[in-house]
Amino acid sequence: MGILRSIFGKSKHKKTEVVITNITEFWNWFDENQEAFYKTVKTNGNIEKYFFSKLGPQLDQLRSKIFYVTGNYDDSAVELIFTADGNLKNIAFIEELIEKSPNLPNWKFTALKQPYQNFDFVINMGDLEFHENNITFYSNEDQDRPDLVDITFVHEDWSEENRETLINGIYLAIDNYLGELKLIDGIDEISFCSPSD
């Protein structure tokens, strides 16, 4: 899939002259620009500059902290996935946004990141990699709360200097593997530790 806006930090969108006050107006605006967006993704153009920098300000008028990923869905279609990136308050909005999305040729709109069939991918963040061979986990049992799903994740390159990047990378890997909704619904508590711990 393509680029996740949240990886790059806060968006530096310019103010927009088009006023968007509801989901229908957003999709009307998108429809007017979808051919250029489609061409940018299909030709591997500068997606941040020619697509996301235009999409972000319009979407931010409706709801802030909605993120998105785009890439080729198949030979003819492009997929645009809207993600809450862990913000529970935005899930219902994203589901409504997709429910009201238009049926545009060559586009597939998806609510929330969906699970991969297996963990055969690698995520790179800085000098670190995240994949099935360097992330392990164990469950933490609580006899007073036997239905609690409490998991500790371990990364082989854990260090206090890399702590923040490692936590973000592990979340992103697990988010991609399980899917956004399953991660939120299925795991109650997550913690992290080094292999030596």
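Residues numbered from 1 in each chain as written. Predicted model: local features only at pLDDT ≥ 70, side-chain atom pairs only at ≥ 80, totals over all residues. Heavy atoms only, no water.

Enquirer: Looking at this structure, how should I read the overall build of the protein?
Expert: Within the protein, the secondary structure is distributed over 5 helices and 8 strands. N-terminal to C-terminal, the α/β element order of the protein is α-α-β-β-α-β-β-β-β-β-α-α-β. With the C-alpha coordinates aligned to their principal axes, the bounding extent of the protein is approximately 55 × 35 × 30 Å. Out of the 197 residues in the protein, the part that is buried amounts to 42%. (Helix = DSSP H or I, 4+ residues; strand = E, 2+ residues; numbered from the N terminus. Buried < 20%, exposed > 50% of the residue type's maximum accessible area, 1.4 Å probe, protein only.)

Enquirer: Can you walk me through the packing of aromatic side chains in this structure?
Expert: Aromatic ring pairs are reported here in terms of the distance separating the ring centres and the angle at which the planes meet. Taken as a whole and assessed by the stated rule, the structure comprises 25 aromatic pairs. A ring pair is formed by Trp29 and Phe30, whose centres lie 6.5 Å apart and whose planes are at 70°; its orientation type is edge-to-face. Residue Trp29 is classed as buried on the basis of its relative accessible area, which comes to 9%. Between Tyr171 and Phe192, the aromatic rings sit 5.5 Å apart at their centres with planes inclined by 70°, giving edge-to-face as the arrangement. With Tyr171 in helix α4 (residues 163-178) and Phe192 in strand β8 (residues 189-193), this pair connects stretches of sequence that are 21 residues apart. With a relative accessible area of 16%, Phe192 lands in the buried category. Each member of the aromatic cluster is reached from another via a ring pair, and the members are Phe26, Trp27, Trp29, Phe30, Phe37, Tyr38, Phe51, Phe52, Tyr68, Phe82, Trp107 and Phe109. (Phe/Tyr/Trp six-rings, centres within 6.5 Å; stacked < 30°, edge-to-face > 60°.)

Enquirer: Is there a simple way to think about the nonpolar core in this case?
Expert: For soluble globular proteins, the rule of thumb is that nonpolar side chains tend to be buried together. With 30 residues, the main nonpolar core has Phe30, Phe51, Phe82 and Trp107 as its most contacted residues. Contributions of two or more residues to this core are made by α1 (23-42), α2 (47-62), β2 (78-83), α3 (91-99) and β3 (107-111). With 8 residues, the top contributor of residues to this core is α1. Not counting chain neighbours up to four residues away, the residues in contact with Phe51 comprise Phe30, Phe37, Thr40, Val41, Asn46, Thr70, Leu80 and Trp107. Judged by nonpolar contacts, the second largest core, of 19 residues, contains Phe121, Met125, Ile135 and Leu172. (Core = buried A, V, L, I, M, F, W, Y, C linked by side-chain atoms within 4.5 Å. Contact = heavy atoms within 4.5 Å.)

Enquirer: Where do I start with the side chain of Glu79 in this structure?
Expert: When you line up the elements, Glu79 lands in strand β2. Of the buried charged residues, Glu79 lacks a salt bridge, with Lys108 as the closest side chain of opposite charge at 4.4 Å. A polar contact is formed between the side chain of Glu79 and the side chain of Thr110, at a distance of 2.5 Å. (Lys, Arg positive; Asp, Glu negative; His and termini not counted. Salt bridge = Lys/Arg side-chain N within 4 Å of Asp/Glu carboxyl O. Polar contact = N/O pair within 3.5 Å; in protein donor to acceptor, adjacent residues only side chain to side chain.)

Enquirer: Please explain the sheet that holds β2 as it appears in this structure.
Expert: Each strand in a sheet pairs with another by means of backbone hydrogen bonds, the pair being arranged parallel or else antiparallel. Spatial strand order, β1-β2-β3: 3 strands in an open sheet with mixed pairing. Of all strands in the sheet, those bounded by a partner on one side alone are β1 (67-72) and β3. Adjacent strand axes in the sheet meet at a mean angle of 20° when their direction is disregarded. Relative to β2, β1 is paired through 6 bridges, and the arrangement is antiparallel. Bridging across to β2, Asn72 finds its partner in Val78. (Pairing = 2+ DSSP bridges. Axes fitted to C-alpha atoms, helices over the stretch in contact; angles between N-to-C directions.)

Enquirer: I keep staring at the packing of α1 against α3 and nothing clicks. Help me out?
Expert: When two helices pack together, their arrangement is given by the angle between the helix axes and by the axis-to-axis distance. Relative orientation of the contacting elements α1 and α3 amounts to 55°, with a least axis distance of 10 Å. Classified by the angle between their axes, α1 and α3 sit oblique to one another. Considering the relative orientation of α1 and α3, their crossing is right-handed. Touching Ile23, Phe26 and Trp27 of α1 are Phe93, Glu96 and Leu97, all from α3. Classifying every residue of the contact of α1 with α3 gives 5 nonpolar, no polar and 1 charged. (Parallel < 35°, antiparallel > 145°, perpendicular 65-115°, else oblique. Left-handed = near helix turned anticlockwise from the far one by under 90°. Nonpolar A, V, L, I, M, F, W, Y, C, P; charged D, E, K, R; others polar.)

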